[in-house]
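Observations on the model geometry
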Amino acid sequence: QVQLVESGGGLVQAGGSLRLSCAASGSIFSIGAMDWYRQTPGKQRELVATITSGGSTNYADSVKGRFTISRDNAKNTVYLQMNSLKPEDTAVYYCNAILRVGVAEWQHYWGQGTQVTVSS
C-alpha cells in the first residue's frame, strides 16, 4: 500500500545542479530515517546521504560539501540537493525510508529510482 516515488532526475553537464524529491504515500503511521542511495551497473548500491527523524545528517565522503539532504515531514518527502555535479555522480538514485505502515512494525521501503546522468 505504501509507495515511494522519486522525481527530479535528468541529464546535466558537469558543474550543474539537480534536486531530487521522494514522496511517500499510503497508510503511514510513523516516519523514521530517510536516505538516498545510488547504483551503477555492476556496482554495489551506495549510501549517499541519510537524515534521521531528528534532522541529523550524514554523507558519503564522495559527496560531502556538494550534496544536501533535507526532509519535509508535513509532505512525507525527502530531498537531495546536488550541486557541482561530476560525471562520476551518474547513477540511478533510490530513496529509502524506515516507516511504520498500518499496524506493522518499523520496516525499510524503497522507491523505484530516478536516473541522473552527468556529462562532461
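Because the structure is predicted, anything quoted here is derived from the model rather than measured. (Residues numbered from 1 in each chain as written. Predicted model: local features only at pLDDT ≥ 70, side-chain atom pairs only at ≥ 80, totals over all residues. Heavy atoms only, no water.)

A word on the state of the cysteines
Cut-off, in case you're wondering: The disulfide criterion is simple: two cysteine sulfur atoms within 2.5 Å. Runs of E in the DSSP output that reach at least two residues are strands. Runs of H or I that reach at least four are helices, and both are numbered from the N terminus. Three exposure classes are used, based on accessible area relative to the maximum for each residue type with a 1.4 Å probe and protein chains only: buried under 20%, partly exposed in between, and exposed over 50%.
Under the definition given, this model contains one disulfide. Put simply, Cys22 and Cys95 are joined by a disulfide, and their sulfur atoms are 1.9 Å apart. Torsion about the S-S bond of the Cys22 and Cys95 cystine: about 40°, corresponding to right-handed handedness. Of the two residues, Cys22 sits in strand β3 (residues 18-25) while Cys95 sits in strand β9 (residues 91-101), which places them 73 residues apart along the sequence. Neither residue differs from the other here; Cys22 and Cys95 are each classed as buried.

Observations regarding the pattern of salt bridges
Filter applied, for reference: The term salt bridge refers to a side-chain nitrogen of Lys or Arg lying within 4 Å of a carboxyl oxygen of Asp or Glu.
Under the counting rule described, the total for this entry stands at five salt bridges. Here Glu46 ties to Arg38 by a salt bridge, and the two come within 2.9 Å at their closest N and O atoms. Relative accessible area serves as the criterion here: at 29%, Glu46 is assigned to the partly exposed category. The salt bridge involving Arg66 is made with Asp89; its shortest N-O contact spans 2.8 Å. Of this pair, Arg66 sits in the loop between β6 (57-59) and β7 (67-72) while Asp89 sits in the loop between β8 (77-82) and β9, placing them 23 residues apart in sequence. Asp89 shares its class with Arg66; the two are buried. Here the residues in one salt-bridge network are Arg38, Glu46, Arg66 and Asp89, joined through shared partners.

A word on the side chain of Thr114
This is how it is decided: Any pair of N or O atoms that falls within 3.5 Å is considered a polar contact. Within protein, one atom must be able to donate a hydrogen and the other to accept it, and sequence-neighbouring residues count only if both atoms are side-chain atoms. Working rule for contacts: check all heavy atoms of both residues, and any pair within 4.5 Å makes them a contact.
Looking at the element boundaries, Thr114 is found in strand β11 (residues 114-119). The exposure class of Thr114 is buried, given its relative accessible area of 11%. Engagement of the side chain of Thr114 in a polar contact is seen with the backbone nitrogen of Gly9, the distance being 3.4 Å. Every residue in contact with Thr114, bar those within four places of it in the chain, is listed here: Glu6, Ser7, Gly9, Leu20, Ala91, Val92 and Tyr93.

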